[in-house]
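# Architecture and fold: a report
Residues per chain, in single letters:
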Amino acid sequence: MRVSLALCDAEFLKVVFPQLTAVLIERVVDEGPVVRVVAQTRAGPVACPRCGTLTAQVRGCHHRSLTDLPVGGRPVVIELTVRWLVCGNLDCPRQTLLSG
């Protein structure tokens, strides 16, 4: 039995790289010896890991620079922007959390 799939880019990423569903890739830059990926966590509510309350209230942003495994023999640098969120549950001991 032969199965053929027609997937758009977002669906392709979801199937092949499910760990990237929380990340929005803004651009990939070929800088010669280095491949740079600029990404951010997706907007929208996330659950507090402590109490489970959904929140989308942004307190601020944090920028991270990560290195990943080489692609085609070239190092990969990921510039990731993550959101600091505020838990809406005033009784929760964890008042701030990172999205993504």
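The coordinates are above.
Residues numbered from 1 in each chain as written. Predicted model: local features only at pLDDT ≥ 70, side-chain atom pairs only at ≥ 80, totals over all residues. Heavy atoms only, no water.

### A word on the overall build of the protein chain
Scanning the protein chain from N- to C-terminus turns up 1 helix and 7 strands. Listed by position from the N terminus, the elements making up the protein chain come as α-β-β-β-β-β-β-β. By the burial criterion, 19% of the 100 residues in the protein chain qualify as buried. Across the protein chain, the fraction of contacts at a sequence separation of at least 24, relative to all contacts at a separation of at least 6, is 46%. Within the structure as shown, the protein chain displays about 7300 Å² of accessible surface, and the carbon and sulfur contribution to it stands at 57%. (Helix = DSSP H or I, 4+ residues; strand = E, 2+ residues; numbered from the N terminus. Buried < 20%, exposed > 50% of the residue type's maximum accessible area, 1.4 Å probe, protein only. Contact = heavy atoms within 4.5 Å. Areas by Shrake-Rupley, 256 points an atom, 1.4 Å probe, with all protein chains shown as cover.)

### Overview of the pattern of salt bridges
Under the definition given, this model contains 4 salt bridges. Its salt-bridge partner being Arg 27, residue Glu 26 comes within 4.0 Å of it at the nearest N-O pair. By relative accessible area, which is 42% here, Glu 26 ends up partly exposed. Via salt bridges that share partners, Glu 31, Arg 36 and Glu 79 belong to a single interconnected network. (Salt bridge = Lys/Arg side-chain N within 4 Å of Asp/Glu carboxyl O.)

### Some remarks on a nonpolar patch on the surface
Together, Leu 20, Ile 25 and Val 28 make up a nonpolar patch on the protein surface, roughly 230 Å² of accessible area in all. With relative accessibility at 55%, the residue Val 28 sits in the exposed group. (Patch = residues over 30% accessible without salt bridge, like charges linked within 9 Å, V, L, I, M, F, W, Y side chains within 5 Å.)

### Focus: the nonpolar core
Grouped burial of nonpolar side chains is what soluble globular proteins tend to show. One finds Val 23, Val 35, Val 37, Ala 39, Val 76, Ile 78, Leu 80 and Val 82 forming the largest nonpolar core, which totals 8 residues. The element that contributes the greatest number of residues to this core is strand E6 (residues 74-86), accounting for 4 residues. Sequence-distant contacts of Val 76, defined by excluding residues within four places in its chain, comprise Val 35, Val 37, Leu 66, Thr 67, Asp 68, Leu 69, Pro 70 and Val 71. Among the nonpolar cores identified, the runner-up in size contains 5 residues, and Cys 48, Leu 85, Cys 87 and Cys 92 belong to it. (Core = buried A, V, L, I, M, F, W, Y, C linked by side-chain atoms within 4.5 Å.)

### Description of the environment of Cys 92
Mapped onto the elements, Cys 92 comes out in the loop between E6 and strand E7 (96-98). For Cys 92, a relative accessible area of 5% puts it in the buried group. Residues Cys 92 and Cys 48, 44 residues apart in the sequence, show an inter-C-alpha distance of 9.0 Å. If we ignore the near neighbours within four places in the chain, the residues touching Cys 92 are Cys 48, Arg 50, Cys 51 and Cys 87.

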